[in-house]
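Remarks on the overall topology
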Amino acid sequence: MHRKPSWILVSTFLSLSFLTACAQNSGKSKDAEGHQWWQHAVFYEIYPRSFADSNNDGIGDLKGITSKLNYLKDLGVDAIWISPCFPSPQVDFGYDVSDYENIDPMYGTLADFDVLASEAKKRGIHIILDFVVNHTSDQHKWFLDSKSSRTSEHRDWYVWRDGKGPGHPPNNWNSDFGGSAWKFDPTTNQYYYHYFYVQQPDLNWRNPAVKDAMFDVTRWWYQRGVSGFRLDAVDTLFEDPNLRDNPVTGGTNPYGDPYEEKIYTTKLPEVHDVLRGLRKVTDQYNGVLIGETWTANIAELNKYYGESNNELQLPMDFLFTTVNKLSPAEFRKQIAAVDAASGWPTFVISNHDIVRSYDRYGDGQHNDQIAKLMAGLYLTLRGTPILYYGEEIGMKTTPPTRKEEVKDPIGRTGWPKEKSRDGERTPMQWNESANAGFSTAASWLPVPPTAATHNVADESKDPDSVLAFYKKVLKLRHANRALLDGTYVPLNENDQNVLSYLRSYKDQVVLVALNMSGAEQKINFEMSQHGFSTTKSLVATGTSSAKGDVVTLEPYGVFIGQLSK
Ligand code: NOJ
Ligand code: CA
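What you see is a predicted model; the values in this text were computed from it and never measured. Positions within a chain are numbered from 1, following the residues in the order the chain's sequence is written. Whichever chain is written first becomes A and whichever ligand is written first becomes 1, with later ones labelled in order. Under the rules for a predicted model, residues below a pLDDT of 70 receive no local features and side-chain atom pairs below 80 are neither given nor counted, while totals for whole chains, interfaces and linings still include all residues. Hydrogen atoms and water are omitted, and side-chain values are computed over all heavy atoms in the structure.

1. Regarding the site of ligand 1
The following threshold applies: Proximity is defined per residue: any heavy atom of the residue falling within 4 Å of a molecule or strand makes that residue near it. Distance and chemistry together define a polar contact, namely a pair of N or O atoms within 3.5 Å, with one atom able to donate a hydrogen and the other to accept it when in protein, and with adjacent residues in sequence counting only for side-chain atoms on both sides. Accessibility throughout is a Shrake-Rupley quantity obtained with a 1.4 Å probe, and a residue counts as covered only by protein chains that appear here. Under the scheme applied here, ten amino acids are nonpolar (Ala, Val, Leu, Ile, Met, Phe, Trp, Tyr, Cys and Pro), four are charged (Asp, Glu, Lys and Arg), and all others, including Gly, are polar.
Looking at ligand 1, the residues that line it are Asp92, Tyr95, His135, Phe177, Phe196, Arg230, Asp232, Glu292, His352, Asp353, Arg421 and Arg425. Residue Arg230 places a side-chain N or O atom 3.1 Å away from an oxygen atom belonging to ligand 1. One of the side-chain N or O atoms of Asp232 is found 2.8 Å from an oxygen atom in ligand 1. Against a free-state accessible area of 290 Å², the protein chains account for coverage of 97% of ligand 1. Class assignment of the residues belonging to the shell around ligand 1 gives a composition of 3 nonpolar, 2 polar and 7 charged.

Listed below in structure tokens is the structure:
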């Protein structure tokens, strides 16, 4: 049966002046529409340990990334965000930085980085580094000096406090990774604060010297050719100076600690002063700041853009990742909210900290179709998408099955409730050979068995693969003005099976229809009544197609078509 659409009058819509999201800084590289490079770019997160291993020690490295630049270019990637590759004891696999201006030997050298940067530039690929702003490693020279005495030069670069008495930390604040957030240090008889692991002491951002040193780090890398930063854990930069206890909300987390409402340890207003300062530096280099911004609603997300769009250009919208089922209604609600946000939207469906989208949305039987469906969704919305490595080939989360196998420390502290983030960090699956072509040595995390069916080499040969679909959509997205710049117009807002919308730019209109159900769907979009005589298929899965006004979608099918008068 054909269902009737609740079509928003396209004629009215087309006559509306196009509200382009304004370019948000005064950089030089705006296009005719006022958009800057990062608004049209497709970003791709690389977890360097797991992407490609050039020297066969089982751990990915920079030369490995360089060797895959052609693959990334061919896929349709314009910018790579490399998770931390700086010197680090690797307690948190690089998020514990011991030197911000160097490369960890396991990943290569600064010279290797320069080669990567210049080879990427040749291909028009920007490099984004991960800037761990909240904390350093406990092996960083600043912290080693800080802990050496109460009067050391760097003492006040970290957060040191007296305990409440022997064995009693200053207050009830818990670490996000288990246990108290305070660690007693006998050398100076004080506690230092660590929001994350004990080995990740928080920097004291109330100290101007910290701010200056950290801002200089970004200048140093900008001058070396990077195009921006992904800012790690920005929510946690400041804590209540009066050390008030966080309210306890009842129950215990996987580490056995009481749940707390982190009102005195996250999202303090001072965060925004830092972001405005970092943005000023960034604007001098026409760069981009991406934020790891966990927000509960759009009002919170808007704060990260800044009151006059003078903070983060791309605060990541993790609200999108909280829609964990194929629900058109839920996605509609979320897309509308982000579309109305005060800055340019950023869409993310996976990263190195959460279960992969393949498993969050997959039903176990149609996972490849659903992976294409999700690509059809977040790659056709108005905003910047950030892919996570392996998503484009349908990589599956493969968590450890035994505590002894766990590499990520939270999985050992929280086992079995928290099984670690290892499952979403497994080696990239390049081909069917041993270790999936990632390395000739045993890899640091085991290669999932699905490498036999989901790998770049095989999927490159298969026109129906998840990879082939990603390439098609990304190719279309780069060339199609409506997908790049067009306004988002939801259609059929009561449809419980099909999520559909238009992307409309001047006289170009693209229809996107996504079947989120396991049954075939036919929808009469009544295009002819709105002056459109033809619907040309641009990208579609399987038998999904348009005939006259009717779009037929196979189960979990995608149809993307150009409407013409
Ligand atoms: C967020 C990062 O994405 C995560 O991997 C890391 O463990 C924490 N920040 C601490 O840096
Ligand atoms: Ca290596």
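2. Focus on the coordination of the calcium ion (ligand 2)
Short version of the rule: Only N, O and S atoms count as donors, using a 2.8 Å cut-off from the metal and 3.2 Å for Na, K and Ca, and because water is excluded some sites may appear unfinished. Only protein chains enter the area calculation, which uses a 1.4 Å probe; residues under 20% of their type maximum are buried, those over 50% are exposed, and those in between are partly exposed.
Listed as protein donors to the calcium ion (ligand 2) are Asp53 (OD), Asn55 (OD1), Asp57 (OD), Ile59 (O) and Asp61 (OD); their distances from the metal cover 2.2 to 2.4 Å. In primary-sequence terms, the residues that donate to the calcium ion (ligand 2) follow D-x1-N-x1-D-x1-I-x1-D. Residue classification places Asp57 among the partly exposed positions, given a relative accessible area of 37%.

3. As for the packing of helix α7 (residues 208-223) against helix α8 (residues 270-284)
A pair of packed helices can be characterised by two numbers: the angle between their axes and the separation between those axes. Definition in use: The angle between two axes is taken between their N-to-C directions and runs from 0 to 180 degrees, where each axis is a line fitted to C-alpha atoms and a helix contributes only its stretch in contact. Secondary structure elements are taken from DSSP: a helix is a run of H or I of four residues or more, a strand is a run of E of two residues or more, and numbering for both begins at the N terminus. Orientation is classified from the angle alone, with under 35 degrees giving roughly parallel, over 145 giving roughly antiparallel, 65 to 115 giving roughly perpendicular, and any other angle giving oblique. By convention the crossing between two helices is left-handed if the near helix lies anticlockwise of the far one by an angle smaller than a right angle, and right-handed if it lies clockwise. In what follows, a contact means two residues having at least one pair of non-hydrogen atoms within 4.5 Å.
Interhelical geometry of α7 versus α8 gives an angle of 25 degrees and a closest axis separation of 10 Å. Comparing the axis directions of α7 and α8 gives the class roughly parallel. For the pair α7 and α8, the crossing hand works out as right-handed. Counting all contacts with α7, which are made through Phe215, Thr218, Arg219 and Tyr222, the residues of α8 involved are Val274, Gly277, Leu278, Val281 and Thr282.

4. Thoughts on the sheet that holds strand β14 (residues 487-491)
To keep things clear, this is the line we draw: When DSSP finds two or more bridges between two strands, those strands count as paired.
One open sheet accounts for 5 strands, arranged β14-β15-β16-β21-β18; its pairing is antiparallel. The open sheet has two edge strands, β14 and β18 (534-540), and neither has a second partner. Taken over all neighbouring pairs, the strand axes of this sheet differ in orientation by 25 degrees on average, direction set aside. In the sheet, β14 pairs with strand β15 (residues 498-505) via 5 bridges, with the strands oriented antiparallel. Pairing of Tyr488 across the sheet is with Arg503, part of β15. Relative to β15, helix α10 (residues 328-339) is tilted by about 25 degrees, and along the sheet it contacts β14 and β15.

5. Section: unusual backbone geometry
The step from Trp415 to Pro416 runs through a cis peptide bond, and the omega angle for that step is 5 degrees. Mapping Pro416 onto the fold places it in the loop between α13 (409-414) and α14 (456-461). The phi angle at Lys267 is positive, at roughly 55 degrees, despite the residue not being glycine. Considering the arrangement of structural elements, one finds Lys267 in the loop between β9 (258-260) and α8. Overall, Lys267 belongs to the partly exposed group, its relative accessible area being 35%.

6. Some details on the side chain of Arg360
The line we're drawing: Neither His nor the chain ends contribute to the count of charged residues, in which Lys and Arg are positive and Asp and Glu negative. Between Lys or Arg on one side and Asp or Glu on the other, a salt bridge is scored when a side-chain nitrogen of the former is within 4 Å of a carboxyl oxygen of the latter.
Relative to the helices and strands, Arg360 resides in helix α11 (residues 357-361). No salt bridge forms around the buried Arg360; measuring N to O, its nearest opposite-charge neighbour Glu391 is 6.8 Å away. Residues contacting Arg360, with those up to four places away along its chain left out, are Thr321, Asn324, Ile349, Ser350, Ile354 and Val355.

7. Details of the confidence of the model for the chain
Applied cut-off: Each residue carries a pLDDT value, the predictor's own confidence for that position, ranging from 0 to 100.
Scored by pLDDT, the chain comes out at a mean of 94, with 95% of its residues at no less than 70. Ignoring residues within four places in sequence, the model shows residues 1-5, a span with pLDDT below 50, making 14 contacts including any to other chains. Note that residues 8-28 has pLDDT below 50 and, in this model, 51 contacts with residues that lie over four places away or in other chains.

8. Some details on helix α5 (residues 110-122)
This is how it is decided: A helix is expected to reach a length of 1.5 Å times the quantity of its residues less one.
End to end, α5 covers 18 Å across 13 residues, agreeing with the expected 18 Å (1.5 Å per residue, within 8%). All of the buried residues along α5 are Leu110, Asp112, Phe113, Leu116, Ala117, Glu119 and Ala120. Check the buried side of α5 and you find it contacts α3 (62-67), α4 (69-75), β2 (79-82), β3 (126-132) and α7. Capping the start of α5, Thr109 holds a side-chain oxygen 3.3 Å from the backbone nitrogen of Ala111, two or three residues further along.

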